[in-house]
Amino acid sequence: MLVERIEHKWIAAFQRTFSLCHVQAGEIVAIVSETQSRRVNVDLARLALEAMGARPFEINIPSPVLSAPVPVRSTGATHALQQLGPVVAAMARASFIVDCTVEGMLHAPELPVIMKGADGNVPRLLMVSNEHPEILERTVPDPALESSVRSAMRALRQSRSMQVTSDAGTQLHIDLQAAVVGGVWGFCPKPGMVSHWPAGLALAFPKAGSVNGTLVMAPGDVNLTFKSYLRDTITLTIENDGITQIEGTGVDADMMRGYYQAWEDLEGHRAAYAVSHVGYGLNPQARWDAMTFYDKRDCNGTELRAFAGNFLYSTGANEVAGRHTLGHFDLPMRGCTIALDGQVVVNRGALV
């Protein structure tokens, strides 16, 4: 088992990443965490910033009371801030924000107000995923990732449709018209930018009613909400964005059905079954097999969203489609072929 402690090499990894974010001497930096955050990452961030001559301050908030009958994982939408006005105001006035909350602030309800800034200041925010520092050290962002992700984002914006197929039987059609496209390369040097570390993927949030077909998850594909590799085949039938059938005889399918059902029972609707975003990984440093080497407590799995050539299918909240839910699945899949308007960009799991 890995030990969580201060290591000089990990301070250096944080410094390299913060340097890509153009952190300057004298810059005011907010480090935001909660009581259940991985404390070593908070300390490494502070020490790295101090070594760079920045002026960091910490905001630590009690982790919120559970609001669901099942664990909430991998949402990117922390509820730790609880609309606390002084906290939001302090973050809006920082030049750079290091997000060390457990789930991350990528989709937090307070983020739009924070990123507007205050007093003429517009912050930039880096979400440090809740990983063991060794994982962060291994996935320090490569500046070359930016051009790869930007190129993929342009391709998504310019395309009308995405087709996904696989030897396992996937036949999925996604209408990209009016979709909102995003991407992350692991650093944020300009005001108003938001990114996360590890990173390296491009994705689209489709409008309502845009996804139809069959998605076949094969053994070795990943359920990141459960932090597990599939042992069995799961076939998902998708109609007008929503999963209408979950076919499979193994425990993987049973667990997926049970988790979805818990959200349907709690919320009274089926938004958790609908598509959140689709996209593909571009990071050659990220590894599909990474979870094999870590205890579950050491690994958040963000790296597996970004391994080069994966097709990432996610269900849950999608503001573009007007759907809101805390239920969320991130499902990176291997061996898929992805075509944008007929042009292949990923061929059987390999980037073209």
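The paragraphs below set out a description of the structure included in this document. (Residues numbered from 1 in each chain as written. Predicted model: local features only at pLDDT ≥ 70, side-chain atom pairs only at ≥ 80, totals over all residues. Heavy atoms only, no water.)

### Here we look at the packing of aromatic side chains
Enumeration according to the criterion identifies 11 aromatic pairs in this entry. Of the aromatic side chains, those joined through ring pairs into one cluster are F226, Y259, Y260, W263, Y273 and F329. The aromatic ring of Y273 is capped on one face by R270, whose charged end is 3.7 Å from the ring centroid. A cation sits over an aromatic face here: R334 above W288, 3.9 Å from the ring centre. (Phe/Tyr/Trp six-rings, centres within 6.5 Å; stacked < 30°, edge-to-face > 60°. Lys NZ or Arg CZ within 6 Å of the ring centre and 35° of its normal.)

### Side note on the sheet that holds strand β17 (residues 329-333)
One open sheet accounts for 5 strands, arranged β7-β9-β15-β16-β17; its pairing is antiparallel. On the outer flanks of this sheet lie β7 (180-184) and β17, each paired with one strand and no other. If you compare each strand with its neighbour and ignore which way they point, the axes differ by 20 degrees on average. Of the pairings in the sheet, the one linking strand β16 (residues 311-315) to β17 comprises 5 bridges and is antiparallel in character. Looking across to β17, one finds that T315 is bridged to F329. (Pairing = 2+ DSSP bridges. Helix = DSSP H or I, 4+ residues; strand = E, 2+ residues; numbered from the N terminus. Axes fitted to C-alpha atoms, helices over the stretch in contact; angles between N-to-C directions.)

### Quick notes on the packing of helix α1 (residues 8-20) against helix α2 (residues 39-51)
Running from N to C, α1 and α2 point in directions that differ by 65 degrees, and their axes come no closer than 8 Å. The two elements α1 and α2 meet at a crossing, and its hand is right-handed. Judged by residue contacts, W10, I11, F14, Q15 and F18 of α1 engage N41, L44, A45, L47, A48, L49 and A51 from α2. Counted by class, the contact of α1 with α2 contains 10 nonpolar, 2 polar and no charged residues. (Left-handed = near helix turned anticlockwise from the far one by under 90°. Contact = heavy atoms within 4.5 Å. Nonpolar A, V, L, I, M, F, W, Y, C, P; charged D, E, K, R; others polar.)

### A few points about unusual backbone geometry
Cis rather than trans, the peptide bond between W197 and P198 has omega equal to 0 degrees. Even without being a glycine, N240 presents a positive backbone phi close to 50 degrees. As for its placement among the helices and strands, N240 is situated in the loop between β13 (234-239) and β14 (242-247). At R348, a residue that is not glycine, the phi angle is positive and equals roughly 50 degrees. Here R348 is to be found in the loop between β19 (343-347) and β20 (350-351).

### Comments concerning the nonpolar core
Ranked by size, the top nonpolar core spans 78 residues in total, and within it F18, V98, M162, F311 and Y313 carry the most contacts. Excluding residues that lie within four positions of it along the chain, F311 makes contacts with M162, V164, L172, I174, L215, V278, G279, L331, P332, M333, C336 and I338. (Core = buried A, V, L, I, M, F, W, Y, C linked by side-chain atoms within 4.5 Å. Buried < 20%, exposed > 50% of the residue type's maximum accessible area, 1.4 Å probe, protein only.)

### Description of the environment of R138
Take R138: it is sitting in helix α5 (residues 133-138). Owing to a relative accessible area of 28%, R138 belongs among the partly exposed residues under this scheme. Along the primary structure R138 and A286 are separated by 148 residues, whereas in three dimensions their C-alpha atoms are 8.5 Å apart. Separated by 3.4 Å, the side chains of R138 and Y294 make a polar contact. (Polar contact = N/O pair within 3.5 Å; in protein donor to acceptor, adjacent residues only side chain to side chain.)

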